[in-house]
Amino acid sequence: MALLSMQNISKTFPGVKALDQVNLDVQQGEIHAVVGENGAGKSTLMKILSGVYPHGSYDGKILFGGADAKFAGISDSEREGIIIIHQELALVPQLSIAENIFLGNERARSGVIDWRETNRRTEDLLAKVGLAEAPSTLVDNIGVGKQQLVEIAKALSKDVKLLILDEPTAALQENDSRKLLDLMLELKTQGVTSIIISHKLNEVRYVADTVTVIRDGMTVSRLDAKAGLSEDAIVRDMVGRDMTHRFPEHRRSPGKILLEVENWNVWHPEHTGRQVIRNASFNVRSGEVVGIAGLMGSGRTELAMSIFGRSYGRNISGSVKLNDNEIDVSTVDRAINAGISYVTEDRKSLGLVLEESIRFNTTLANLDDVSSGSVLKKNEETRIAERFRQALAIRTPSVFQKTMNLSGGNQQKVVLAKWLFTEPEVLILDEPTRGIDVGAKYEIYTIINDLADQGKGVVMISSEMPELLGMCDRIYVMNEGALVGELNAADASQERIMSLIVNE
Amino acid sequence: MDLAQSDTNPAPQAKTKSIGQYLSSHLRQYGLLFALIAVMAFFQIVTDGTLLRAVNVTNLLLQNSYIIIMALGMLIVIVSGNIDLSVGSVMGFIGALAAVMIVNMDVSVPLTIIVCLVVGGLIGAAQGYWVAYWKIPSFIVTLAGMLVFRGLSLWLLEGQSVGPFPKEFQILATGFVPDIFPVSWGDSLAGMLEMRRVKHVNMLALFTGVAAAAMIVWIGLRQRAQNRLYGIEDEPKVFFIARNVIVAAALIFVMYKLSLFRGLPNVLITMGVLTIIYAFITESTTVGRRIYALGGNEKAAKLSGIKTERLTFLAFTNMGVLAAAAGLVFAARLNTATPKAGFALELDVIAAVFIGGASMSGGVGTIIGAVVGAFLMGVLNNGMSIMGIGIDYQQMIKGLVLLAAVIFDVYNKNKQG
């Protein structure tokens, strides 16, 4: 029986047709995956389903549990048992797990909270989602993976009929992701129907019973897992073209050692006495792409940021050599001048000034090269931004577009342009393809290969192991702040990387 | 949602939008200009032409000069993502300091001016130090500063008014630039125009007005040609012409009015020069660019090698110097320093900046906007006073105007969102 049937849904924004006759049928008790590139219309579809875009603002029909559903807002859909868990978690960090779970739905008698009941029910829910934390623990003190479980517990507290997870594993590590997916399968046996929106096709293959592919606001295909799901087939439907190679074909010939970091030690900025990076030593050759693998929290970002102008940590010690000369990386502008660039993992909050244009962001880290005597040469800036727009294929009508209006992949290209304009010798890329679609990923990979061809050294931090395996010449494995292993491309595999992490 | 952006054939040339589309996406800038014109027209009518009389136009400029001078600094502080609540008190304190030095201690005027500006800078630096390097919220630091400097001026003046100032100090605010053109020219122009009340037209003011208007049009044309060259989105021709005609005509009109009274006030020159300098700094220098980046996204700015602490520190130091300058002008205008000088003036300054389109969260706002915002408030004050509206209603109306301006901003932003 179909629990949900969205029929011929169309939605138009001024000037853009976001959805065009989309159909989505979800059977009772199944896990249904909705996949598509960024901007394909998945989020819009879910916003219509959850009532964010109210009935009347779209065309088409929604049947939920056989009845016509006309939601005027989120509270309507929640009352029917449709719960959506967004990519950005909606928890209050300063409140406890129990308080968060029952936020807006408090166990209370005439406004006075019944803590015993609240805690008892929280314990039940936490057991259900397999989270071993006390109900009174503050959400701030648990990791993102566990926060996700709290969100699910919150959904379960509301007697959920249809659980929607929007990119639930985007911020999670392999093992946390796996736990979450297993929980989805577990909930399925208890009769909970879910929709998962994801970019990660291996996960889709792991959990989904049915896959609906959306492209450019239209339903492209509906695939049944019983017939076997092939990732290549899904990718083909998503991008509308054959992507036999997810990574650009490439042959590299690394030269001499360019960057050498030795005995790097970093302590936590607040918790004194806690060492975050332990005696890390690594090197990058010119023309080489070096990966750093590891679980989240293993210290990869901290390693990169502490090298880049001591942007993280305290009591930093160790040496950084570029072309055999020790360089000063004690502040960000010294690191930049020395020839090091760091492309952050969080382009929105750490990479871009979203209110400003592509031009503004492109030249921001190297204003000296577009000014004389501190007066900006704006025409020169425009020329440079335009050059990068063409070289990196940033899709935008003009370089005066605010970066806030760009898609994730194009934003990432602007961040790359900013750092390429500083003309670095070594680029450190932290999760360079997080949250961007398959087509844009391929383009980013091509740019990385071009950089290596120009003789630059590239350090690539990534949580997606296939990406590291597909792109890197060498991979360092990091665990608990130490580099625990080094693998050549030829010897590396997901299993070997995991075993290095586990056997440490 | 990103369908518009994922268009696969990028057009290098910006498409010329229809006039309606252009207007709706730039409603804010034009809205402010229209609001100023509308408010002026309204008061011109209801005050039977008193608003735009030569004396009153001169007064309007003098009355608002210190607000505008401080709004320049406040715009930078607000763009950097902070706020300064102490400027009214600092202004009063510097006025008191000047009075005590000149009147009580017989220090020379030039030396007093220098000392006052330096002290203003030090006050700004002291507050900026805590904000920039200790990360103490600027609201709290400057709230403390507001109380401290209000108290200090009371202490310095021992609760009394101190004055009057010597002539050479008064000219800071009340002096006029002497006409460099032969007197006969102005006289004969007055004769030609067959004016009854005016015997002399100040030719310098008139020429300055014409020259400034020509300059603005020339810069506009040059910018437009460059935009064409680089494919930047163009203002529709109608708008460009209309805007330039209005601005140029208004400028010449104001200068003409001034020329009928006593010519160019010294303060106007100070104000004009400072406005041009600060507009240039914010729009065309690396420091200005970095301040916008700091306010727009501090973490991203920091990771781009920008010394964010130093910039914040400089923004407050600069604010202190400008508050001191405003304090000198204010004291010179009143010809006395009182313990109440500058009371609650910080609110007018902050309101002007927000009416001018700056964002509370930082990173957004322009010098020109802040200046026009200050004038809008000034015209409201002046017009309502002429009409004899009580201070009670004046406060309410000003409050509602501020709220309306910000609501308009947010509404616009959501619509574009």
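Residues numbered from 1 in each chain as written. Chains lettered and ligands numbered in written order. Predicted model: local features only at pLDDT ≥ 70, side-chain atom pairs only at ≥ 80, totals over all residues. Heavy atoms only, no water.

## Notes on the pairing of strand β18 (residues 340-343) of chain A
Residue and element names in this part refer to chain A.
Moving on, step 1. Judged by which residues are buried, β18 turns out to be covered on both faces: I340 and Y342 on one side and S341 and V343 on the other are all buried.
Moving on, step 2. Inspection of the sheet shows β18 paired to strand β21 (residues 426-430) by 4 bridges, in the parallel sense. What sits directly across from I340, in β21, is V426. (Buried < 20%, exposed > 50% of the residue type's maximum accessible area, 1.4 Å probe, protein only. Helix = DSSP H or I, 4+ residues; strand = E, 2+ residues; numbered from the N terminus. Pairing = 2+ DSSP bridges.)

## Re the domain arrangement of chain B
All names here are of chain B.
Moving on, step 1. When the domains of chain B are assigned, the result is domain 1 (36-175 + 265-416) and domain 2 (181-264).
Moving on, step 2. Listed per partner, the contact involves 13 residues of domain 1 and 11 residues of domain 2.
Moving on, step 3. Roughly 940 Å² is buried in total at the junction of domain 1 and domain 2, and carbon and sulfur atoms are behind 78% of that figure.
Moving on, step 4. When the buried surface of domain 1 facing domain 2 is broken down by residue, L52, A54 and P265 rank first, second and third, together holding 36% of it.
Moving on, step 5. Linking domain 1 with domain 2 are 0 salt bridges, by the criterion used here.
Moving on, step 6. Of all the secondary structure elements, the ones that give two or more residues to the side of domain 1 that touches domain 2 are α3 (54-79) and α11 (266-284).
Moving on, step 7. Here the side of domain 1 that touches domain 2 takes 5 residues from α3, the largest share from any one element.
Moving on, step 8. Here the side of domain 1 that touches domain 2 is built from residues that sort into 9 nonpolar, 3 polar and 1 charged. (Domains from an automatic or database assignment. Contact = heavy atoms within 4.5 Å. Buried area = accessible area lost by both parts, 1.4 Å probe. Salt bridge = Lys/Arg side-chain N within 4 Å of Asp/Glu carboxyl O. Nonpolar A, V, L, I, M, F, W, Y, C, P; charged D, E, K, R; others polar.)

## Here's the deal with the sheet that holds strand β17 (residues 325-326) of chain A
All names here are of chain A.
Moving on, step 1. Pairing is antiparallel across the open sheet formed by 4 strands, whose spatial order is β14-β13-β16-β17. Each of the sheet's edge strands pairs with one partner strand only, and the pair in question is β14 (275-285) and β17.
Moving on, step 2. Two elements, strand β13 (residues 257-267) and β14, share 7 bridges in a ladder whose sense is antiparallel. By the bridge assignment, W264 is partnered in β14 with A280.
Moving on, step 3. On the sheet, helix α9 (residues 300-307) packs against β13, β14 and β16 (314-322) and is oriented at approximately 70° with respect to β14. (Axes fitted to C-alpha atoms, helices over the stretch in contact; angles between N-to-C directions.)

## Remarks on the pattern of salt bridges
Should the charged atoms of two oppositely charged side chains come close, the side chains can pair.
Residue and element names in this part refer to chain A.
Moving on, step 1. Here the structure, examined in full by the defined rule, presents 26 salt bridges over all chains.
Moving on, step 2. With a closest N to O distance of 3.5 Å, E78 and K158 form a salt bridge. Taken together, the residues span a long stretch of sequence, with E78 in helix α2 (residues 74-79) and K158 in the loop between α5 (144-157) and β9 (162-166) at a distance of 80 residues.
Moving on, step 3. Across the pair R434 and E345 runs a salt bridge whose closest N-O atoms are separated by 3.5 Å. With a gap of 89 residues between them, R434 in the loop between β21 and α15 (438-453) and E345 in the loop between β18 and α11 (347-351) connect regions that are remote in the sequence.
Moving on, step 4. Connected through shared salt-bridge partners, R300, E345, E431 and R434 make up one network.

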